[in-house]
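Close look at the chain arrangement
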Amino acid sequence: MPSRAHRPPPHPGYVLLYRFLLPRRMLQSEFARAIGIAEPNLTAFIKGRRALTPWMAWAFATVLRTKPEYWMKLQTDSELWRARPDRGRRKPSSKRRRP
């Protein structure tokens, strides 16, 4: 089993679906209406194809009675993990290129 450092943190869409919507038996369409966004946009977010915005964090926090900082931290952790240079992406060069 990979260590925690090698597993990606959950996308906030995953957390929304599995920790909030499914346990409450709330449909995605109901939640989308409650926060005032189109259902396809919410679906794209839940599938990890869209990032959380500060506005969405406030809307989630209001409807789910959480804090917007909770949602923003999930998004930040997910983005930072994906951007880690040691994950096989090209490391930024410290050398200056000459014109």
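This section reports on the structure supplied with the text. Within any chain, residue numbers begin from 1 and follow the written order of that chain's sequence. In view of the model being predicted, local features appear only for residues whose pLDDT reaches at least 70, and side-chain atom pairs are presented and counted only at 80 or more, with totals across whole chains, interfaces and linings using the full set of residues. To get the side-chain values, all heavy atoms of the structure are used, and hydrogens and water are removed first.

A simple rule labels every residue: compare its accessible area, found with a 1.4 Å probe on the protein chains alone, to the largest value its type can have, and call it buried under 20%, exposed over 50%, or partly exposed in between. The numbering of helices and of strands both runs from the N terminus, where a helix is a DSSP run of H or I of at least 4 residues and a strand a run of E of at least 2. Considered for burial, the residues of helix H3 (residues 39-46) that qualify are Leu42, Ala44, Phe45 and Ile46. The contact criterion used is simple: two residues touch if any of their non-hydrogen atoms lie within 4.5 Å. Where the residues of H3 are buried, they touch helix H1 (12-21), helix H2 (28-35), helix H4 (54-64) and helix H5 (68-83). Gly48 sits one or two positions beyond H3 and adopts a positive phi of about 85°.

Below, the discussion takes up the side chain of Gln75. Within the secondary structure layout, Gln75 lies in helix H5. In this view, Gln75 contacts His11, Pro12, Phe45, Ala51 and Leu52; residues no more than four positions away in its chain are not counted.

Turning our attention to the nonpolar core. In this text, buried Ala, Val, Leu, Ile, Met, Phe, Trp, Tyr and Cys residues form a nonpolar core when linked through side-chain atoms within 4.5 Å. Counting 20 residues, the largest nonpolar core has Leu16, Phe31, Leu42, Phe45, Phe60 and Trp71 as its most contacted members. Going through the elements one at a time, H1, H2, H3, H4 and H5 are the ones with two or more residues in this core. Leaving out residues up to four positions away in the same chain, Leu16 has contacts with Leu21, Phe31, Leu42, Phe45, Ile46, Phe60, Leu64 and Trp71.

With that settled, the discussion passes to unusual backbone geometry. The backbone phi angle of Arg25 is positive, close to 55°, even though this residue is not glycine. With respect to the helices, strands and loops of the structure, Arg25 is situated in the loop between H1 and H2. The backbone phi angle of Arg65 is positive, close to 60°, even though this residue is not glycine. Considering the arrangement of structural elements, one finds Arg65 in the loop between H4 and H5. The exposed category is assigned to Arg65, whose relative accessible area is 78%.

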